[in-house]
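The residues making up each chain are set out below.
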Amino acid sequence: MQKCQFCEQPIDAGFKITRDGNDYCCTGCATADAMLGGSDQEGPSVKLIDRYSHLSLIDHKEGLDKINGNHWQWTIQLPGIHCTSCLILLERMGEWLPGVRDVRVAFSTKQAVVQFDPEMISVSRLAAWLDFVGYPPSIITQKKKATSEIAELGIAGFAMGNAMMSAFPEYFGLSEEANFQLLYFFRYSTAFFATISLMVAGKFYLINAFKAVRYRQWSLDIPIALGMLALWGWSAHLLFTGQSGGYFDSLSGLIFFLILGRFLQGRTYAAFSFERTVDDFLPISVFSLTRGEFVRLGDLKEGEEYQIPTEGIVPVKSTLMGKAELDYSFITGESELQQLDRDQTIFAGARNAGSTLIAKVLQAPTQSEVEGLWKSKDRETTGWVSESITATFTISVLIISFLATFVWWFINPDRAIEIGVSVLIIACPCALSLAAPFAYGTASKLLSDMGLYMKSGLGIEKLAAAQRFFWDKTGTLTERASSVNITELSESNKSVFRAMVGRSSHPVSRLLAQYLQEGPKATLSRWEEHVGKGIEAEFEGQTFALGSAQWLNTTGDQTVMAIEGHVVGGFGSEFSYRANLTELFQAISDLGGEHVLISGDHPRELPRNWSKYFEGKSHFNKSPQQKSSLVQGQKNAVFLGDGLNDVQAMESADLGIAVVENSMSYIPKSGGVLLANQLLELPAMIRYSRRVRSLVKWAYMLSLLYNLSGVALALFGALSPVVAAILMPLSSISVVLFVVLGARALR
Amino acid sequence: MNIIFLLLFFSLLIAVVFLGAFLWSNRDGQFEDVEGPAMRMLRDEQNKSTTNS
């Protein structure tokens, strides 16, 4: 196993960084080695980009807290954090950046708290420095409330333990005759603990159920909340009428397991950060020319003129005050830049690909719009079980319990209410709602060990259902074996090419950008990308071209750099297919999968033995938009892609999986991330997720069986407190054990 | 018999103290990062080795 030059940990092949001939496991190590190794004790002489100037107006909403005059504290998300070196490097930031007093990194959540002196260093400079050393910061707009979840879990566990403890004496024969006082003391303390648990930890389900009813959506929270309330109400009735201690111990147990399941679900995934989307690039404030100072977006007025720097995102619908070049790929997926003239309208979300532009606000954003821009789309559905099943379940439970009450009213009116309520209690789908979170929670942990990081358990279900596999070609099925020949380039020419590739999101450009390294970028007078061919630009009257040899009428390297038609450098980025892909396709076909190839590049001949997989199902020259529409509406479609230009297709597909080589800083919106070196393991992962899916089905059956037998007992009035007290926790615990052990065993 | 109530009171008291300690440590942020401290331990080592060499 290859080891990192700096931290000596084994390098995760997917995340290897090579700098100056040494291999590192992450940017942190590479930078730390350069800075701590003595070669660069001063720290990087920071030629920082001004992409973060808009941060000069952030406040506590974006994680900035002013402790006192010259002591501020900023909490930020740094998705690039990967290993011990990152932590050490970041926490020693103050040694290179005067003004930084203290840095505290929370490794698990990839957050950092920076304390600094605003007189000595600005927020924007801090952000730019972090970006420079390899940790582009994400602004935290919604603080996670993990602490309160842990606290709830602790209280629920405490309540469950004590409630069960004080319920035991009665099970073991403590009766009114034996000790009246003690019995009632235990009964009331059980009730007390269960009530605390319901109020602190169970309220989540009650609130969600209330919301669901209000918005007329069927969610599993409704029957759960009904069951909880019925359980509590009936137990209280039994307690106060002195009939028995009720089911308070079961209630506290149920609540604990429910929130434990919810907690684990969120937990398995916390370490891998995902969304670094357009939201992260949206400015918090813009420089208003009208007022001559930075203005927060919410304070922008109609007709105000403001600046958008290079690479900046247009925050609001505006009118252009001059020529501009805009990239709408974030919103439309259209990768070609648009040349716009004065007085044309530009829309929020566009990226400024040219030099600083000036625009006039067309429509002042309302506060809600600004917040809406920031709010990430929350598309995660709450239910594991489909809404129709939930609806059927809830309605039938209500009908059965109503009928039971009605029928028993004629048989024995004294017991009618009791039996109706016990049906509600015993039908509480707690076991049902525990099955999927625990099974998929365990499974996503195991899958991440295999190299597939799923964003949610729901994705595993989709992976199991996958029938059609859409493969993006470049970067996903291919890997690079590259040789670069740029030694003859002068520094000034390098800066031109750097500027050329800097604007393109094509994989070759991004690769070349790495080889050209950081440095000044020339201001181009013209820049044009020819899809499938290359880039053409003009600088000081000379035409620079970068593109395929065929397009530039030469031979040799595949990608050629030319000035005025003369070849000055080459880039042999032989994108060769990854090894053993045929086996991969065959294995997936054996699983019933169908393949479709989608590429943004010009048609190239596929290896001959692939024809049976892709006969008539390969598409070339597709724009992101077209890729997306090919995937749109396809049932059980999985899109495997690698880059920004696949984001749309990934969102259109049932499940988008990003195949990543070493890009930790930007991972497009996707349902999962697969390490490229683990690509061949995909069939095994699919098989595993299918096994887990059937495991969950069995667990559903099991818990429905519990429910049905419980309901049957309740209907015949045979549900004694002891039976109920045993049956309810037993069903939850046995279902949890069944799925957790099962998911591990199936691996 | 009353001695049982006293014992129960104390056992509950102890349990509540532990719950309180847990909630306090949680609010203090001790569970926010369970991996970092183990790494931070290495940091002093690294400092020494770089200054010594």
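None of these values were measured; they are calculated from a predicted model.

S.K.: Account for the overall build of chain B, naming residues and giving values.
M.R.: Scanning chain B from terminus to terminus reveals two helices and zero strands. Buried residues in chain B amount to 2% of all 53 residues.

S.K.: An account of the overall build of chain A is requested, with residue identities and associated values reported.
M.R.: Tallying secondary structure elements over chain A gives 23 helices and 29 strands in all. Among the 747 residues that make up chain A, the fraction classed as buried is 44%. Sequence separation of at least 24 residues holds for 64% of the intrachain contacts in chain A that already meet a minimum separation of 6.

S.K.: Report on the interface of chain B and chain A, specifying residues and quantitative values.
M.R.: The figure often quoted for interface size is the accessible area lost as the parts come together. Each side of the interface is counted separately: chain B has 21 residues, and chain A has 20 residues. Elements that contribute at least two residues to the side of chain B that touches chain A include exactly helix 1 (2-27) and helix 2 (36-52) of chain B. The element that contributes the greatest number of residues to the side of chain B that touches chain A is helix 1 of chain B, accounting for eight residues. Residues that form the side of chain B that touches chain A fall into these classes: 11 nonpolar, four polar and six charged.

S.K.: Give a detailed account of the environment of asparagine 68 of chain A, specifying residues and quantitative values.
M.R.: All names here are of chain A. If you trace the backbone, asparagine 68 turns up in strand 3 (residues 64-68). Taking the C-beta count within 10 Å as the criterion, asparagine 68 has 6 such neighbours and is therefore assigned exposed. A C-alpha to C-alpha distance of 9.7 Å links asparagine 68 and aspartate 117, two positions 49 residues apart in sequence.

S.K.: Kindly report on the confidence of the model for chain A, identifying the contributing residues and their values.
M.R.: All names here are of chain A. Model confidence for chain A is summarised by a mean pLDDT of 76, while 81% of its residues fall at 70 or above. No element of chain A has a lower mean pLDDT than helix 10 (residues 367-374), which averages 45, and none a higher one than helix 5 (residues 180-200), which averages 91. A low-confidence stretch, residues 268-278 (pLDDT under 50), is modelled with 25 contacts involving residues beyond four sequence positions or located in other chains. Contacts for the low-pLDDT stretch residues 368-383, under 50 throughout, to residues beyond four places or in other chains number 15 contacts.

S.K.: Go over the environment of lysine 211 of chain A, please, and point to the residues and values.
M.R.: For lysine 211 of chain A, the location among the structural elements is in helix 6 (residues 203-214). Here the alpha-carbon distance between lysine 211 of chain A and isoleucine 222 of chain A, two residues 11 residues apart in the chain, equals 9.4 Å.

S.K.: Any chance you could break down the sheet that holds strand 10 (residues 305-308) of chain A for me, citing the residues and the numbers?
M.R.: All names here are of chain A. The strand order 9-8-10-16-11-14 describes an open sheet built from six strands, whose pairing is antiparallel. Among the strands making up the open sheet, the edge pair consists of strand 9 (293-296) and strand 14 (345-346). Bridge count for strand 10 against strand 16 (residues 357-361) is four bridges, and the pairing is antiparallel. Counterpart to isoleucine 308 in the pairing with strand 16 is leucine 357.

S.K.: Before we move on, could you go through the sheet that holds strand 26 (residues 618-619) of chain A and cite the residues and values that matter?
M.R.: Residues and elements named next belong to chain A. Strand order in the open sheet formed by seven strands is 17-29-28-27-18-25-26, and the pairing between neighbours is mixed. The open sheet has two edge strands with one neighbour each: strand 17 (452-454) and strand 26. Bridge count for strand 25 (residues 594-598) against strand 26 is two bridges, and the pairing is parallel. In the sheet register, isoleucine 598 faces strand 26, and the bridge partner there is histidine 619.

S.K.: Got a sec to walk through the packing of helix 7 (residues 221-240) of chain A against helix 12 (residues 413-426) of chain A? Specific residues and values, please.
M.R.: Packed helices, taken two at a time, are described by their axes: the angle between them and the distance between them. Residue and element names in this part refer to chain A. Closest axis-to-axis distance for the helix 7/helix 12 pair is 8 Å, and the angle between their directions is 135 degrees. Considering their axes alone, helix 7 and helix 12 lie oblique with respect to each other. For the pair helix 7 and helix 12, the crossing hand works out as left-handed. When helix 7 is examined against helix 12, the residues Leu226, Gly227, Ala230, Leu231 and Trp234 are found in contact with a partner set consisting of Val421, Leu424 and Ile425. Counted by class, the contact of helix 7 with helix 12 contains seven nonpolar, one polar and no charged residues.

S.K.: Give a description of helix 16 (residues 491-502) of chain A that names residues and reports values.
M.R.: Count 3.6 residues to each turn of an α-helix, and residues three or four apart come out pointing the same way. All names here are of chain A. Relative to the 16 Å expected for 12 residues at 1.5 Å per residue, helix 16 spans 16 Å between its end C-alpha atoms, a close match to the ideal helical length. Val496, Phe497, Met500 and Val501 are the residues of helix 16 that are buried. Take helix 16 and look down its axis: the buried residues cluster within an arc of 130 degrees, on one side only. The exposed residues of helix 16 that point more than 90 degrees off its buried face are Glu491 and Ser492.

S.K.: How would you sum up the environment of glutamine 678 of chain A? Please name residues and give values.
M.R.: Residues and elements named next belong to chain A. Following the sequence through the fold, glutamine 678 ends up in the loop between strand 29 (672-675) and helix 22 (682-715). Accessibility expressed as a C-beta count within 10 Å gives 16 for glutamine 678, which makes it partly exposed. As for glutamine 678 and methionine 450, which are separated by 228 residues in sequence, their C-alpha atoms are 7.4 Å apart. Discounting chain neighbours no more than four positions away, the residues touching glutamine 678 are Met450, Gly451 and Leu452.

S.K.: Would you mind going over the confidence of the model for chain B in detail, with residue names and values included?
M.R.: Residues and elements named next belong to chain B. Confidence in the prediction of chain B, expressed as mean pLDDT, is 77, and 75% of residues score 70 or more. Here residues 46-53 scores under 50 on pLDDT; set against residues more than four positions off or in separate chains, the count is two contacts. In the predicted complex, the global pTM is 0.62; the interface-specific ipTM is 0.82.

S.K.: If you had to explain the pairing of strand 18 (residues 468-472) of chain A to someone new, which residues and values would you point to?
M.R.: All names here are of chain A. The buried count for strand 18 comes to four of five residues, which makes it a mostly enclosed element. Strand direction decides the pairing type here: strand 18 and strand 25, joined by five bridges, are parallel. Bridge pairing in strand 25 places arginine 468 opposite glutamate 594.

S.K.: A description of helix 7 of chain A should follow, citing residues and the corresponding values.
M.R.: All names here are of chain A. Between its terminal C-alpha atoms helix 7 stretches 28 Å, which fits the 28 Å expected from 20 residues at 1.5 Å a residue. The element helix 7 is largely enclosed, with a buried count of 14 among its 20 residues. Trailing helix 7 by a residue or two, glycine 242 shows a phi angle of about 75 degrees, which is positive.

S.K.: How would you explain the nonpolar core if you had to name every residue and give the values?
M.R.: Residues and elements named next belong to chain A. Ranked by size, the top nonpolar core spans 110 residues in total, and within it Met228, Leu251, Ala435, Ala439, Phe470, Val638 and Val739 carry the most contacts. When residues of this core are assigned to their parent elements, the largest contribution, 12 residues, is made by helix 22. Those residues in contact with valine 739, other than ones at most four positions away along the chain, are Ala435, Phe438, Ala439, Leu695, Val696 and Ala699. Listed in part, the 58 residues of the second largest apolar core include Val105, Leu126, Ile139 and Tyr306.

S.K.: Kindly report on the pairing of strand 28 (residues 655-660) of chain A, identifying the contributing residues and their values.
M.R.: All names here are of chain A. Most of strand 28 sits inside the fold, with six of its six residues counted as buried. Sheet topology note: the strand 28/strand 29 ladder contains four bridges and is parallel. Among the inter-strand pairings, valine 660 is bridged to a residue of strand 29, identified as leucine 675.

S.K.: Report on unusual backbone geometry, specifying residues and quantitative values.
M.R.: Residue and element names in this part refer to chain A. One non-glycine residue, asparagine 580, lies in the positive phi region at around 60 degrees. We classify asparagine 580 as exposed; it has 12 C-beta atoms within 10 Å. Residues other than glycine seldom take positive phi values, yet asparagine 636 does so here, at roughly 50 degrees.

S.K.: Can you tell me about the packing of helix 12 of chain A against helix 22 of chain A, naming the residues and giving the values?
M.R.: Residues and elements named next belong to chain A. At a minimum axis distance of 9 Å, the contact between helix 12 and helix 22 shows a crossing angle of 170 degrees. When the interaxial angle is binned, helix 12 and helix 22 end up roughly antiparallel. Across the interface between the two elements, Ile419, Ser422, Val423 and Ile426 from helix 12 touch Asn707, Gly710, Val711, Ala714 and Leu715 from helix 22. Partitioned by chemical class, the residues of the contact of helix 12 with helix 22 number six nonpolar, three polar and no charged.

What counts, and where the lines are drawn
Residues numbered from 1 in each chain as written. Chains lettered and ligands numbered in written order. Predicted model: local features only at pLDDT ≥ 70, side-chain atom pairs only at ≥ 80, totals over all residues. Helix = DSSP H or I, 4+ residues; strand = E, 2+ residues; numbered from the N terminus. Buried ≥ 20, exposed ≤ 12 C-beta atoms within 10 Å, placed from the backbone. Contact = placed C-beta atoms within 7 Å. Nonpolar A, V, L, I, M, F, W, Y, C, P; charged D, E, K, R; others polar. pLDDT = per-residue confidence, 0-100. Pairing = 2+ DSSP bridges. Axes fitted to C-alpha atoms, helices over the stretch in contact; angles between N-to-C directions. Parallel < 35°, antiparallel > 145°, perpendicular 65-115°, else oblique. Left-handed = near helix turned anticlockwise from the far one by under 90°. Expected span 1.5 Å × (residues − 1). Arc of directions from axis to C-beta. Core = buried A, V, L, I, M, F, W, Y, C linked by C-beta atoms within 7 Å.

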